[in-house]
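Examining the three-dimensional arrangement
Below are the chains, spelled out letter by letter.
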Amino acid sequence: MAFPEPKPRPPELPQKRLKTLDCGQGAVRAVRFNVDGNYCLTCGSDKTLKLWNPLRGTLLRTYSGHGYEVLDAAGSFDNSSLCSGGGDKAVVLWDVASGQVVRKFRGHAGKVNTVQFNEEATVILSGSIDSSIRCWDCRSRRPEPVQTLDEARDGVSSVKVSDHEVLAGSVDGRMRRYDLRMGQLFSDYVGSPITCTCFSRDGQCTLVSSLDSTLRLLDKDTGELLGEYKGHKNQEYKLDCCLSERDTHVVSCSEDGKVFFWDLVEGALALALSVGRGVVQSLAYHPTEPCLLTAMGGSVQCWREETYEAEDGAG
């Protein structure tokens, strides 16, 4: 007699605060996991970028070289490089191990809101308040970008990259998807200024948040609206949104001190996680585990599921 397959465990949401990192870098503008989720980056209003082990709460390195506040950062697939962008209009490529600036790319006419590596970490894509996305070749000595995407009619708030696509959100209310294989541009009009866009983990959907305090889930290929998620407050700040590690929940920052989780399919609010008094400025979701990082004021909070037991030395 064959035994039935065990039911997959229902998804657990990170709601137990494990650690608070007092980052010591002014206001934390963004928090980002590295590719495997073992480390995180924090972007400070004091012009620094810091690398942490968030579960242990240990600071590993500080990166100094921006001339104004750092607004976003990303790690390369092999953990050897970082890129960052900020209020000084510069895009910086860093060597992780030495902490040194490898290249500083200039050309944007306004602050850089968002940066991403391509999959091979040979190109950095940066989105700016100047309405452009610029693509910088990490291996070339040329000072100018190898490509500029300037279709946006207002500032670019969010850029995400898949193996052959660039997903961009703009204050002009449009989400644009560049298919690099086909050489095509697809545009979806949301109407309200867009604060964040992302791909679902399975690559089938796109999630977009905007200043009408609404998140929308769209079918990536058809643009069909699959779901709307409301209850949080997002009317004036650029806040992060994402999907949980198994695409089961939609997650968003909020201006009222909480992080909101909605059931992706049902659209119902599953959890409003209270972080503190103030705006939850940024969040990052672990790539494979129910682990969440939130940024508020000058600190970052690390959250795990209720059943999580810290390993020796990691608690």
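About the criteria used
- Residues numbered from 1 in each chain as written.
- Predicted model: local features only at pLDDT ≥ 70, side-chain atom pairs only at ≥ 80, totals over all residues.
- Heavy atoms only, no water.
- UniProt positions renumbered as here; feature names shortened; annotations may be inferred.
- Helix = DSSP H or I, 4+ residues; strand = E, 2+ residues; numbered from the N terminus.
- Phe/Tyr/Trp six-rings, centres within 6.5 Å; stacked < 30°, edge-to-face > 60°.
- Buried < 20%, exposed > 50% of the residue type's maximum accessible area, 1.4 Å probe, protein only.
- Pairing = 2+ DSSP bridges.
- Polar contact = N/O pair within 3.5 Å; in protein donor to acceptor, adjacent residues only side chain to side chain.
- Axes fitted to C-alpha atoms, helices over the stretch in contact; angles between N-to-C directions.
- Core = buried A, V, L, I, M, F, W, Y, C linked by side-chain atoms within 4.5 Å.
- Contact = heavy atoms within 4.5 Å.
- Salt bridge = Lys/Arg side-chain N within 4 Å of Asp/Glu carboxyl O.
- 1 Å grid on protein atoms, 1.4 Å probe; cavity = no way out; pocket = protein on both sides within 12 Å on 5 of 7 lines; lining within 4 Å.
- Points joined across faces, edges and corners; volume = space filled by probe spheres on them.
- Nonpolar A, V, L, I, M, F, W, Y, C, P; charged D, E, K, R; others polar.

1. A short note on the UniProt feature "repeat: WD" (unreviewed entry) in the protein chain
Following the UniProt record, the feature "repeat: WD" (unreviewed entry) maps to residues 21-62, 63-104 and 105-146 here. Within residues 63-104, the helical portion is 0% and the strand portion 55%, while the C-alpha atoms at the span's ends are 13 Å from each other. Taken as a whole, residues 105-146 contains 0% helix and 43% strand, while its terminal C-alpha atoms sit 11 Å from one another.

2. Quick word on the packing of aromatic side chains
Summed over all chains, the structure comprises four aromatic pairs. Ring centres of phenylalanine 260 and tryptophan 262 lie 5.8 Å apart, and the angle between their planes is 20 degrees; this geometry places the pair in the stacked category. Judged on exposure class, the residue phenylalanine 260 and its partner tryptophan 262 are both buried. Taken together, Tyr229, Phe260 and Trp262 form an aromatic cluster joined through their ring pairs.

3. Considerations on the pairing of strand S7 (residues 81-86)
With six of six residues buried, S7 lies mostly within the body of the structure. Relative to S7, strand S6 (residues 70-75) runs antiparallel, the two being bridged by five bridges. Pairing of valine 70 across the sheet is with glycine 86, part of S7. The pairing of S7 with strand S8 (residues 91-95) spans five bridges and is antiparallel. Bridge pairing in S8 links glycine 85 to valine 91. Remark: four residues form the turn of the hairpin made by S7 and S8, two consecutive strands paired antiparallel; lysine 89 in that turn has positive phi of roughly 70 degrees.

4. What to know about the side chain of glutamine 25
Inspection of the secondary structure puts glutamine 25 in the loop between strand S1 (16-22) and strand S2 (28-33). Here threonine 42 takes part through its side chain, which lies 2.4 Å from a polar atom of the side chain of glutamine 25.

5. Observations concerning the environment of arginine 56
Among the secondary structure elements, arginine 56 is positioned in the loop between strand S4 (48-53) and strand S5 (58-64). Arginine 56 sits 126 residues away from methionine 182 along the chain, and the two C-alpha atoms are 44 Å apart.

6. Focus on the pairing of strand S23 (residues 249-253)
In terms of residue burial, S23 counts as a mostly covered element, since five of its five residues are buried. Where burial is concerned, the two faces of S23 agree: the one with His249, Val251 and Cys253 and the one with Val250 and Ser252 are both buried. Judged from the three bridges that link them, strand S22 (residues 241-243) and S23 form a sheet pairing that is antiparallel. By the bridge assignment for S23, cysteine 242 is matched with valine 251. The antiparallel pairing of S22 with S23 creates a hairpin that spans five residues between the two strands, and aspartate 247 there sits at a positive phi of about 60 degrees. Bridge analysis of S23 against strand S24 (residues 258-263) gives five bridges, and the strand direction is antiparallel. Considered in S24, the bridge of valine 250 is made with tryptophan 262. Counted between consecutive antiparallel strands, the loop separating S23 from S24 contains four residues, among which glycine 257 sits at a positive phi close to 85 degrees.

7. Some words on the sheet that holds strand S18 (residues 194-199)
Read from one edge to the other, the open sheet built from four strands follows the order S18-S19-S20-S21, with strand pairing classed as antiparallel. The two strands at the open ends of the sheet, each matched to only one other strand, are S18 and strand S21 (225-230). Sheet twist, expressed as the mean angle between neighbouring strand axes with direction ignored, is 15 degrees.

8. Observations concerning the nonpolar core
In this structure, Val251, Val259, Phe261, Leu273, Leu283 and Leu292 are the most contacted members of the largest nonpolar core, which totals 17 residues. Contributing elements (two or more residues each) for this core: S23, S24, strand S25 (269-274), strand S26 (282-285) and strand S27 (291-296). Once residues lying within four places of it in the same chain are set aside, the contact partners of leucine 292 are Pro14, Val259, Phe261, Leu273, Leu283, Ala284, Tyr285, Gln301, Cys302 and Trp303.

9. Some words on the pattern of salt bridges
Tallied over the full model, the rule gives 14 salt bridges. Here glutamate 165 makes a salt bridge to arginine 177, at a shortest N to O gap of 2.9 Å. Residue glutamate 165 is found in strand S15 (residues 165-170), and its partner arginine 177 is found in strand S16 (residues 174-179); the two are separated by 12 residues along the sequence. The buried category is assigned to glutamate 165, whose relative accessible area is 2%.

10. Description of the layout of surface pockets
Put simply, the largest pocket is a space of about 1,200 Å³. Along its surface, the largest pocket is lined by 41 residues, and Phe33, Gln116, Lys160, Val161 and Arg201 are the ones closest to its centre. Sorting elements by how many residues they give to the lining of the largest pocket places strand S14 (residues 156-161) first, with five residues. For the lining of the largest pocket, the residue count by class is 19 nonpolar, 12 polar and 10 charged.

11. Re the sheet that holds strand S3 (residues 40-44)
Sheets are built from strands paired through backbone hydrogen bonds, the pairs being either parallel or antiparallel. Reading across from one edge, S2-S3-S4-S5 is the order of the four strands in this open sheet, with antiparallel pairing throughout. Looking along the sheet, the strands with just one partner apiece sit at the ends: S2 and S5. Strand-to-strand twist of the sheet, defined as the mean angle between neighbouring strand axes without regard to direction, takes the value 20 degrees. Across five bridges, S2 lies against S3 in antiparallel orientation.

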